[in-house]
Every structure is written in C-alpha cells, then in structure tokens.
Amino acid sequence: MAAATTSPTPPGSLKRIVAASLIGTTIEWYDFFLYGSAAALVFNKLFFPDSDPLVGTLLSFLTYAVGFAARPLGALVFGHYGDRLGRKKLLVLSLLMMGGATFAIGLLPTHATVGSAAPVLLTVLRLVQGFALGGEWGGAVLLVSEHGDAKRRGFWASWPQTGAPAGQLLATGVLSALTALLSDASFVSWGWRVPFLLSGVLVIVGLWIRLSVDESPVFKAALAAAEQRTSDEGTAEKMPLVAVLKHHWRDVLIAMGARMAENISYYVITAFILVYATTQVGLSKQTALNAVLIGSAVHFAVIPLWGALSDRLGRRPVYLIGAVGVGAWMFPFFTLIDRGTFGSLLLAVTVGLVLHGAMYAPQAAFFSEMFATRMRYSGASIGAQFSSVAAGAPAPLIATALLADYGSSTPIALYVIGAALLTVVAIACARETRDRDLGEIEDRTPSDTKVGADV
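## What to know about the overall build of the protein
Next, step 1: Looking only at helices and strands, the protein has 20 helices and two strands in total.
Next, step 2: When burial is assessed residue by residue, the protein has 60% of its 455 residues classed as buried.

Spelled out as structure tokens, the structure:
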C-alpha cells in the first residue's frame, strides 16, 4: 500500500514529545530501580528477617524478579490496546499504575508488624510495578520514533532510553543521600520509605506533561487507513498479537536475543554490584551507591551519543560494539572491583555502563523499525519484555547464587559473556533497519475475519 501521509512534526513539538517520554520513563524507572536498590540494601532485613543474611538477600531479589515476570503480561495488554486505541492513553495509565504501586510500598508494614503478610503484600505491589513497566517502554519509545524523522530517529528515540539511567541516578541519589544523612538504624526504621513516598509527587509532574502531548501522527494515519479498509471491505484486522506472531515472529526472536546481553549486564552492573561490593569486597553501602550514581550520570550522557552514531553507522554495528564490549569487559570489571578502592569500583561500573549504552541507545529505534504500525506497540513490547523474564529478572538472583556457591566472580563473568554471545548471534541474524519509513503502512495483516469477530 502507499505510504501514509503525515505532516512532519515541528522541532518544538518534537522536543516536547521527547520531554514527555523522557520524564515519564524516568519516573517509571526510578520506581522500578528504587525497589532493586532497596532489595539489595534493606528488604532482606525488613521482610525476611528470619533468614541467613545471604539467603535473605536471595529472597529479596526473588521478589525483585517477580516484577519482571509481570512485564510480559503488561506488554501483551498494553501492546494490544496501544495498537488499537493509541500510544498516549496507555502511557498515562502505565504511569498511574507504577506510581501508585511505588507509593504504596512506602506505606507497607514490615514483617515485624504483620508477619508473613508483609512479603506477600510486597510481592503483589511488585507485580503491579512490573505490569505497568511492561507497557511503558514500548509506548514511550514509539511516541518519539513515530514523531521524529528517519535521518535522526536513532538520536531522538534514544532520549526515552536515558530515562533508565536517569531513574537509576535519581533512585540511587536519593538512597545515597539518605544513607549519608541517617544512621543505619534510622534508615532501616523509616528512612527507606522516603524515596518510595516521593514517587507520588513525581507522578503528578509526569502526568501533567504527558497529558499535554499529541498522539503519534503515524498511528493516527494507520488507524484511519484501517478504519477505511474495514468500511470498504466489511472485515476487521486481526488482533495485534496474532498479526505479530504470524508476520513478525522472526523479528520478535531477534529482539529477544538482542536484549539478553543488554538486560543481564545492566542488572549485574547496577543491582548485583551492591551485594558484591559490600559483602564480598567489604566496601560500604555508601561507596557502592556513589559508584553507581556517578556511573549512571555518565551512562545518561553517552546514550544520545550512541543513538546519533547509530544514525550514521546503522543500528546493528553500534549494537554489536556494545555486546562484544560488555562481554570482553566482564573479567576486568570484577578484577577492578576486587581491588577494593572507590576509584577502581567507579572505573569498572562506568566503563560497563558506557558499553551497555551502545546496545541500549539504538534499541528504541531498532525495535520500532522492525514492526508495521498497527502491530508496532505489541511487537516491540513483546520482543523487549518477554526476554526480560529470562534475562534481567533472574540476573541478580543468579549472580548472587553463583557467588554463594563458588565464592568467586568467575562464574558470574562467564554468565554475562554467554549472554553477550547470544546477543551477537541475534544481531548477526537481523536486517539493518536504519532507513525504514515508519509512515509506510504495509498490508501485512490480511483482514480475513468478519467485523465483530475480533476481540
């Protein structure tokens, strides 16, 4: 079919779209990462106090992993309705769900107050967080990708990706400030609740900005064409999920493989490192948090640079730089940390996050360009979030278990290297997508069902 006719988004409007996506993703990732840091530092004492310290940490990371288990479900639900109703409505809903769950965690009673009900309630709220994040990522990157022009799509679409390090920076910064200002007893008693309760304020700001932006013009054009086709032919499109699995199954598998090294390395570098540096190397919580804090700031700065480079070289070459680089860095990474100094820890984390950025930056445009418009939210979300169950979800848990069993960083390094090899294979099998026109409406979803037959 002919390409959809959409007006170019004015530069000022595009910047507002980018700001809305960036602020929203920052808040969502702040909420999500805050839980990860708290799981490493205090949740083992507050919600699993009867366990051995390392076992308590494992149980704490298990509730952390539960959030990832809900992300595929969120991807399915948000992807379906995002492809049917639009990107903007679903992004507002995801922000409300994530912020509400995070705020509620700050009000939770601990094990000392309500016993075993405390970890159960914690797990339920973590599930809500995961469900919301499963729908957030796809909508945020699509809103920017579908507004921007093809020549600089990698650069503009990488800005919502900076929401991850920005959220990590914000979450780690708040925790670092609290641990510096409060005694250990005060932090464990009530200080840990403060950053969770702050989420309520952040959500109000995020909603105000998100409600002010327009729906994607590419989506509106595709929706109008689909409605016209339905009117002319008396048939309805297939469900986005069915269409994705029929026409884009190869792209879904490539996206899942591409996420393995990116997801696993990130959570080893930013979440597991808090456990390794404090329990294995003997560094203080403050030192470990400060290293992640500074590394996240550098990470934030380099992501748009990697995104811009992907506009010049292509998505695949930049992604491969990151995958190979992260794999090659793992043994030096742990060697530096084992030196036990802040400088060596900072270098290890920062270089690791810079290399991670080479995968994470082009990912938004890369995944968006794989799928047709009327199934793009579903396809990008499914490819990204289903892999998180096998990648990011168990990464801190597996790394902690390997440390407990072997007392060495070697098997953890090999674990990340294995993930990097999987990602290299996936990217090698992918097609370059840099020059694709997202406004093109492809007739890849035959309308072979009658109107009203589809749910």
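## Focus: the packing of helix H7 (residues 153-161) against helix H8 (residues 163-181)
Next, step 1: Running from N to C, H7 and H8 cross one another at 30°; their axes reach a closest spacing of 5 Å. With respect to H8, the element H7 is oriented roughly parallel. Contacts between H7 and H8 involve Trp159, Pro160 and Gln161 on the former and, on the latter, Gly163, Ala164 and Pro165.
Next, step 2: A class-by-class count of the residues in the contact of H7 with H8 yields four nonpolar, two polar and no charged.

## Overview of the nonpolar core
Next, step 1: Within the largest apolar cluster, 110 residues are counted, with the highest numbers of intra-cluster contacts made by Phe43, Phe333 and Phe367.
Next, step 2: Counting residues per element, this core draws most heavily on helix H14 (residues 249-280), which supplies 17 residues.
Next, step 3: Those residues in contact with phenylalanine 367 that lie beyond four places of it in its chain are Trp137, Ala255, Ala258, Arg259, Tyr319, Ala380 and Ala384.
Next, step 4: Ranked by size, the runner-up nonpolar core spans 18 residues in total, among them Leu90, Leu91, Phe131 and Leu142.

## As for the packing of aromatic side chains
Next, step 1: Here the structure, examined in full by the defined rule, presents 16 aromatic pairs.
Next, step 2: With centroids separated by 5.2 Å and ring planes inclined at 85°, the aromatic side chains of phenylalanine 43 and phenylalanine 47 adopt a geometry described as edge-to-face. With a gap of four residues between them, phenylalanine 43 and phenylalanine 47 both fall in helix H2 (residues 43-47), about one helical turn apart.
Next, step 3: For phenylalanine 43, a relative accessible area of 0% puts it in the buried group.
Next, step 4: Residue phenylalanine 47 is classed as buried on the basis of its relative accessible area, which comes to 1%.
Next, step 5: A centroid spacing of 6.1 Å and a plane angle of 55° characterise the contact between tyrosine 319 and phenylalanine 366, whose relative ring orientation is tilted. Within this pair, whereas tyrosine 319 is found in helix H16 (residues 315-338), its partner phenylalanine 366 is found in helix H17 (residues 342-368), the two being separated by 47 residues in sequence.
Next, step 6: Overall, tyrosine 319 belongs to the buried group, its relative accessible area being 0%.
Next, step 7: With a relative accessible area of 0%, phenylalanine 366 lands in the buried category.
Next, step 8: Through a chain of ring-to-ring contacts, the aromatic side chains of Phe43, Phe47, Trp192 and Phe196 assemble into a single cluster.

## Considerations on H14
Next, step 1: Along its length, H14 reaches its greatest deviation from straightness, about 55°, at phenylalanine 272.
Next, step 2: Burial analysis of H14 places 25 of its 32 residues in the buried class, which makes it a mostly covered element.
Next, step 3: The positive-phi residue at the C-terminal boundary of H14 is glycine 282, with phi of around 90°.

## Focus: a nonpolar patch on the surface
Next, step 1: On the surface, Leu73, Val77, Tyr81 and Leu85 cluster together into a nonpolar patch covering about 350 Å² of accessible area.
Next, step 2: By the secondary structure assignment, valine 77 is in helix H3 (residues 53-85).
Next, step 3: Overall, the relative accessible area of 31% leaves valine 77 in the partly exposed class.

## As for the environment of valine 318
Next, step 1: Along the chain, valine 318 turns up in helix H16.
Next, step 2: Owing to a relative accessible area of 0%, valine 318 belongs among the buried residues under this scheme.
Next, step 3: Valine 318 sits 37 residues away from leucine 355 along the chain, and the two C-alpha atoms are 10.0 Å apart.
Next, step 4: In contact with valine 318, other than residues within four places in its own chain, are Trp306, Leu309, Ser310, Leu313, Ala358 and Pro362.

## Considering the packing of H8 against helix H15 (residues 285-313)
Next, step 1: Between H8 and H15, the least distance of the axes is 9 Å, while the angle of their chain directions is 155°. For the element pair H8 / H15, the angle class is roughly antiparallel. As for how H8 packs across H15, the hand of that crossing is left-handed. Of the residues in H15, those in contact with Pro165, Ala166, Gln168, Leu169, Thr172, Gly173, Leu175, Ser176, Thr179 and Ala180 of H8 are Gln286, Leu289, Asn290, Val292, Leu293, Ser296, Ala297, His299, Phe300 and Ile303.

Thresholds applied
- Residues numbered from 1 in each chain as written.
- Predicted model: local features only at pLDDT ≥ 70, side-chain atom pairs only at ≥ 80, totals over all residues.
- Heavy atoms only, no water.
- Helix = DSSP H or I, 4+ residues; strand = E, 2+ residues; numbered from the N terminus.
- Buried < 20%, exposed > 50% of the residue type's maximum accessible area, 1.4 Å probe, protein only.
- Axes fitted to C-alpha atoms, helices over the stretch in contact; angles between N-to-C directions.
- Parallel < 35°, antiparallel > 145°, perpendicular 65-115°, else oblique.
- Contact = heavy atoms within 4.5 Å.
- Nonpolar A, V, L, I, M, F, W, Y, C, P; charged D, E, K, R; others polar.
- Core = buried A, V, L, I, M, F, W, Y, C linked by side-chain atoms within 4.5 Å.
- Phe/Tyr/Trp six-rings, centres within 6.5 Å; stacked < 30°, edge-to-face > 60°.
- Bend = angle between axes of the 7 residues up to and from the residue.
- Patch = residues over 30% accessible without salt bridge, like charges linked within 9 Å, V, L, I, M, F, W, Y side chains within 5 Å.
- Areas by Shrake-Rupley, 256 points an atom, 1.4 Å probe, with all protein chains shown as cover.
- Salt bridge = Lys/Arg side-chain N within 4 Å of Asp/Glu carboxyl O.
- Left-handed = near helix turned anticlockwise from the far one by under 90°.

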